[in-house]
Amino acid sequence: MSYQALDPAELVAHARVVANQASCRTVDTAIVAYVALNDAQPESIDDLAGYVKGDITAYSVAGGVATGPGC
């Protein structure tokens, strides 16, 4: 198999997209930090934007925990 057949540029681009996405555990940790600093639960995922690096748009907050991919 040739190295070129793997299309390295496409593999790198996909890896960057995946790396920029936050995990469910990361979002849960951001919820804990939000509650600790604000003494209230976040009402939406937008409330957590400053607590997480990466894309959290696939998640939502329900009952004080993250819901979304991998949760």
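Residues numbered from 1 in each chain as written. Predicted model: local features only at pLDDT ≥ 70, side-chain atom pairs only at ≥ 80, totals over all residues. Heavy atoms only, no water.

Colleague: Talk me through the overall build of the chain; I want residue IDs and the actual numbers.
Modeller: Helices and strands together make up the secondary structure of the chain, namely 2 helices and 2 strands. In sequence order, the chain lays out its α and β elements as α-α-β-β. Within the chain, the proportion of its 71 residues that are buried is 21%. With the model as given, the accessible surface of the chain reaches about 5100 Å², and the carbon-plus-sulfur share is 55%. (Helix = DSSP H or I, 4+ residues; strand = E, 2+ residues; numbered from the N terminus. Buried < 20%, exposed > 50% of the residue type's maximum accessible area, 1.4 Å probe, protein only. Areas by Shrake-Rupley, 256 points an atom, 1.4 Å probe, with all protein chains shown as cover.)

Colleague: Any details on the state of the cysteines? Residues and values, ideally.
Modeller: This model, assessed by the stated rule, comprises 1 disulfide. The residue that forms a disulfide with C24 is C71, at a sulfur-sulfur distance of 1.9 Å. Given an S-S torsion of about 120 degrees, the disulfide between C24 and C71 has right-handed geometry. In this pair, C24 sits in helix α2 (residues 24-38) while C71 sits in the segment after β2 (65-67), placing the two residues 47 residues apart along the sequence. (Disulfide = S-S within 2.5 Å.)

Colleague: Just give me the short version of the packing of aromatic side chains, but keep the residues and values in it.
Modeller: According to the stated counting rule, one finds 1 aromatic pair in the structure shown. A ring pair is formed by Y34 and Y51, whose centres lie 5.6 Å apart and whose planes are at 70 degrees; its orientation type is edge-to-face. With a gap of 17 residues between them, Y34 in helix α2 and Y51 in the loop between α2 and β1 (60-62) connect regions that are remote in the sequence. Y51 gets classed as partly exposed once you look at its relative accessible area, which sits at 33%. (Phe/Tyr/Trp six-rings, centres within 6.5 Å; stacked < 30°, edge-to-face > 60°.)

Colleague: Requested: an account of the nonpolar core, with residues and values cited.
Modeller: If you look at the biggest cluster of nonpolar residues, it comprises 13 residues, and the most contacted ones within it are V27, I31, I45, L48, I56 and Y59. Element by element, the count of residues in this core is highest for α2, at 5 residues. Ignoring sequence-local partners within four residues, the contact set of I31 consists of P42, L48, V61, G64, V65 and A66. (Core = buried A, V, L, I, M, F, W, Y, C linked by side-chain atoms within 4.5 Å. Contact = heavy atoms within 4.5 Å.)

The values are spatial; any link to function lies outside them.
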